[in-house]
Amino acid sequence: MSTPGRSALGRSGVEVSALSFGAAGIGNLFTEIGDEQADEAVDAAWSGGIRYFDTAPHYGIGLSERRLGAALRDRPRAEYTLSTKVGRLLEPTEADAGGDDLANGFAVPATHRRVWDFSAQGVRRSIEASLERLGLDRVDIVYLHDPDDHAEQAFQEGYPALEKLRSEGVVGAIGAGMNQAEMLTRFVRDTDVDVVLCAGRYTLLDHTALTELLPAAQERGTSVVTGGAFNSGLLADPRPGATYNYQAAPAELLDRALRLKEIAERHDTTLRAAALAFPAAHPAVVSVLVGARSAHEVRDCAEQFTTPVTEDFWRELREAKLLPEGAPVPVPVPPQDPS
């Protein structure tokens, strides 16, 4: 039985909160922040009831794991769920190499380089290194991270290694995390993953996952965590110069996002609230993962996540052909009988 407000992943006993914290931002994604700001973001997440935290070696070449581990270290370990990822090993660069990691999206010194490795040995090495950076004795969930160009090794070596670690009790749940739906659908259909993390492919602007991934997950009893509900910024604040999937938003998508925002405001809600509510409404989705770099952003996401979005808003989206007919939308909570 799941704890109220949390859902179990697949057939595992690992539970996640409906809203979860993505720690790429505290790994200096695009912009440098300090340790104090990172701590405050995690504190705000905890205060807001978030109990699922996701990180990866890739995020700030280890900085995200170090900061998240430090922020969680004094919390009761049984009260939160932590995931990290495998597939990129961090190898030290030459001591005097200099430079930064902005080419990979992170404002950190280029002290390490990433080496793709989905081998069984690479998976174990990656988890051991992550535990050292986190300063914790276990992680609850491990994802194969972005195996787009490494499918054969990920399926033939990486996945069996995770399955073995799960059977040994080293990790509680296993899965794959990607910015695409097609290969995740293959993981759902061809393996025994507990969960897949689908980033940016089930949003108000991108419904790709609705075609095959989400129905397959429902059929197999596999849980889905969705990331990128704002498509990296456009659905949070649609304006010229906003990013869509980490690149400048095309004019057509900017126009569509502005139209969504106008409809939301007409129905006395916000586009941010609608963007978070939409993926959460699908029965296969157990958690909506939001990236945040400050306490203010975390508190805003938590507030927006609990902001009701009216039936009329969703009805207008369908009438305007801005939503597919088969996309589930939130069921309104009936008013309480005062008697």
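Residues numbered from 1 in each chain as written. Predicted model: local features only at pLDDT ≥ 70, side-chain atom pairs only at ≥ 80, totals over all residues. Heavy atoms only, no water.

> What is the right way to look at the pattern of salt bridges in this model?
Two side chains with opposite charge may pair up if their charged atoms get near one another. Here the structure, examined in full by the defined rule, presents 22 salt bridges. The partner of R75 in a salt bridge is D43, and the shortest N-O contact between them spans 2.4 Å. With R75 in the loop between α2 (63-72) and β5 (81-86) and D43 in helix α1 (residues 35-47), this residue pair connects regions lying 32 residues apart in the sequence. With its nearest N and O atoms 2.6 Å apart, the salt bridge here joins E65 to R133. Of this pair, E65 sits in helix α2 while R133 is found in helix α3 (residues 120-134), placing the two residues 68 residues apart along the sequence. Comparing E65 with R133, the two get one shared label, buried. (Salt bridge = Lys/Arg side-chain N within 4 Å of Asp/Glu carboxyl O. Helix = DSSP H or I, 4+ residues; strand = E, 2+ residues; numbered from the N terminus. Buried < 20%, exposed > 50% of the residue type's maximum accessible area, 1.4 Å probe, protein only.)

> Looking at this structure, I do not really get the packing of α1 against α2. What am I missing?
Two quantities define a packed helix pair, namely the angle between the axes and the distance from one axis to the other. For the pair α1 and α2, the least separation of the axes is 9 Å and the interaxial angle reads 55°. In terms of their interaxial angle, α1 and α2 are classed as oblique. With respect to the hand of their crossing, α1 and α2 are arranged in right-handed fashion. Residues D35, A38, D39, V42 and W46 of α1 pack against R67, L68, A71 and L72 of α2. Within the contact of α1 with α2, the residues separate by chemical class into six nonpolar, no polar and three charged. (Axes fitted to C-alpha atoms, helices over the stretch in contact; angles between N-to-C directions. Parallel < 35°, antiparallel > 145°, perpendicular 65-115°, else oblique. Left-handed = near helix turned anticlockwise from the far one by under 90°. Contact = heavy atoms within 4.5 Å. Nonpolar A, V, L, I, M, F, W, Y, C, P; charged D, E, K, R; others polar.)

> Where do I start with the pairing of strand β11 (residues 173-178) in this structure?
Side-chain positions along a regular strand alternate between the two faces of the sheet. In terms of residue burial, β11 counts as a mostly covered element, since six of its six residues are buried. Burial along β11 is two-sided: A173, G175 and G177 facing one way and I174, A176 and M178 facing the other are all buried. Relative to β11, strand β10 (residues 141-145) runs parallel, the two being bridged by five bridges. If you follow Y143 over to β11, its bridge partner there is G175. Between the parallel elements β10 and β11, the chain passes through helix α4 (residues 151-167) in a crossover that is right-handed. Across four bridges, the pairing between β11 and strand β12 (residues 195-199) is parallel. Across the sheet, G175 pairs through a bridge with V195, a residue of β12. (Pairing = 2+ DSSP bridges. Right-handed = clockwise from strand over helix to strand, strands pointing away.)

> What should I look at first to understand the sheet that holds β10 in this one?
For sheets, the rule is that strands pair by backbone hydrogen bonds, running either parallel or antiparallel. With respect to topology, eight strands assemble into a closed barrel ordered β3-β4-β5-β10-β11-β12-β13-β16, the strand pairing being parallel. Each neighbouring strand pair of the sheet contributes to a mean axis angle of 25°, computed without reference to strand direction. Across four bridges, the pairing between β5 and β10 is parallel. Bridge assignment links V86 to a residue of β10, and that residue is L144. Of the strands in this sheet, β13 (223-227) and β16 (285-291) touch helix α8 (residues 271-280), which is tilted by about 150° from β16.

> Looking at this model, I keep getting lost on the layout of surface pockets. Mind explaining?
Any empty space left between atoms is shown by rolling a water-sized probe over those atoms. Quantified by volume, the largest pocket comes out at close to 1400 Å³. Considering the residues around the largest pocket, the lining is formed by 47 residues, among which A24, L29, S232, Y246 and G291 are closest to the centre. Those elements that provide at least two residues to the lining of the largest pocket are β11, β12, β16 and α9 (295-305). In terms of residue class, the lining of the largest pocket is built from 18 nonpolar, 18 polar and eleven charged. (1 Å grid on protein atoms, 1.4 Å probe; cavity = no way out; pocket = protein on both sides within 12 Å on 5 of 7 lines; lining within 4 Å. Points joined across faces, edges and corners; volume = space filled by probe spheres on them.)

> Looking at this model, I keep getting lost on the environment of S20. Mind explaining?
Relative to the helices and strands, S20 resides in strand β3 (residues 19-22). Between the C-alpha atom of S20 and that of A71, which follows or precedes it by 51 residues, the distance is 15 Å. Ignoring anything within four residues of it in the chain, the contact list for S20 reads I50, Y52, S287, V288, L289 and V290.

> Sorry, what's going on with α9 here?
An α-helix turns once per 3.6 residues; consequently, residues spaced three or four apart project the same way. A295, V298, D300, C301, A302 and Q304 are the residues of α9 that are buried. Looking at the packing, one finds that the buried side of α9 touches β3, α1, α8 and β16.

> What is the right way to look at the side chain of Q180 in this model?
Topologically, Q180 is positioned in the loop between β11 and α5 (182-190). Given a relative accessible area of 16%, Q180 falls into the buried group. A distance of 3.5 Å separates the side chain of Q180 from the backbone nitrogen of E182, its partner in a polar contact. A polar atom in the side chain of Q180 sits 2.8 Å from the backbone nitrogen of M183. Not counting residues within four places of it along the chain, the set of residues in contact with Q180 comprises D148, C198 and R201. (Polar contact = N/O pair within 3.5 Å; in protein donor to acceptor, adjacent residues only side chain to side chain.)

> Sorry if this is basic, but what is going on with the nonpolar core here?
Inside soluble globular proteins, nonpolar side chains tend to come together where they are buried. Counting 93 residues, the largest nonpolar core has F21, F53, L204 and W314 as its most contacted members. Excluding residues within four positions of it along the chain, F53 makes contact with F21, V42, A45, W46, L68, L72, Y80, T81, L82 and S83. Counting twelve residues, the second largest nonpolar core, distinct from the first, contains V16, Y52, Y143 and V195. (Core = buried A, V, L, I, M, F, W, Y, C linked by side-chain atoms within 4.5 Å.)

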